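# Overview (structure and organization)
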Amino acid sequence: LMVKYNWREQQLERLDPWVHGTIWTLALVLAIIPIPLGLYNNAWEVCWIDAYPMDCGDDDGYPCTRGENAWIWGLVLTIFPTWICMILSVVFMGMIYCTVRGAENRGMRRSIGDTQLSTVSRTKSKMVGVQALL
């Protein structure tokens, strides 16, 4: 928000408790939903969203006593939120990179003109790009 929309530190400090509250609330809700549905079961060494007994519900014919459709709930409660966060991180880093590169281009046009713009190195945008990839 600072880089893209020129927010000040005070604006970010006011937003900070809301961001933390939202993240913690979402994490707790996603962790609590499987409890009343009986989805937390033994998945080898850890408790995870899984059916019980292990390998039930397959073509073998024995039914699950708990955790029906656990694989769907696992996707919805763990995999999808993780991928959404990763995709948003890539999008936000791309936005920051484009903003920094645009600022560099504007600064170079003012100082050297349009003709030599392609030969100048863009150190700030390269640094942001490397940080985004790491």
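Everything in this summary refers to the structure shown in the same document. (Residues numbered from 1 in each chain as written. Predicted model: local features only at pLDDT ≥ 70, side-chain atom pairs only at ≥ 80, totals over all residues. Heavy atoms only, no water.)

This part takes up unusual backbone geometry. Each neighbour pair has its own omega, and for Y52 with P53 the value is -5°, a cis peptide bond. Looking at where P53 falls in the secondary structure, it is placed in the loop between β2 (46–49) and α3 (70–112). With a phi close to 55°, N69 is a non-glycine residue in the positive phi region. Mapped onto the elements, N69 comes out in the loop between β2 and α3. (Helix = DSSP H or I, 4+ residues; strand = E, 2+ residues; numbered from the N terminus.)

Considered as a void within the structure, the largest pocket measures approximately 490 Å³ in volume. In terms of lining residues, the largest pocket is bounded by 17 residues, among which I23, L26, L30, P81 and C85 are the most central. Per element, the largest residue contribution to the lining of the largest pocket is seven residues, and it comes from helix α2 (residues 9–32). Class assignment of the residues belonging to the lining of the largest pocket gives a composition of 15 nonpolar, two polar and no charged. What the second largest pocket holds in volume is close to 420 Å³. When residues of the lining of the second largest pocket are traced back to their parent elements, those giving at least two are α1 (2–5), α2 and α3. Among the elements that take part in the lining of the second largest pocket, α3 stands out by supplying six residues, more than any other. In the lining of the second largest pocket, the residues fall into 11 nonpolar, one polar and one charged. (1 Å grid on protein atoms, 1.4 Å probe; cavity = no way out; pocket = protein on both sides within 12 Å on 5 of 7 lines; lining within 4 Å. Points joined across faces, edges and corners; volume = space filled by probe spheres on them. Nonpolar A, V, L, I, M, F, W, Y, C, P; charged D, E, K, R; others polar.)

Under the 1.5 Å per step criterion, the end-to-end length of α2 is 34 Å for 24 residues, consistent within 8% with the ideal 34 Å. The largest bend in α2 is about 35°, located at L15, with the proline P17 one to four residues further on. (Expected span 1.5 Å × (residues − 1). Bend = angle between axes of the 7 residues up to and from the residue.)

This part takes up helix α4 (residues 123–133). Turning to α4, its buried residues number three or more, namely S125, V128 and G129. Buried positions in α4, seen along its axis, are confined to an arc of 100° and lie on one side of it. When the buried face of α4 is taken as reference, the exposed residues oriented beyond 90 degrees from it are K126, M127 and Q131. (Buried < 20%, exposed > 50% of the residue type's maximum accessible area, 1.4 Å probe, protein only. Arc of directions from axis to C-beta.)

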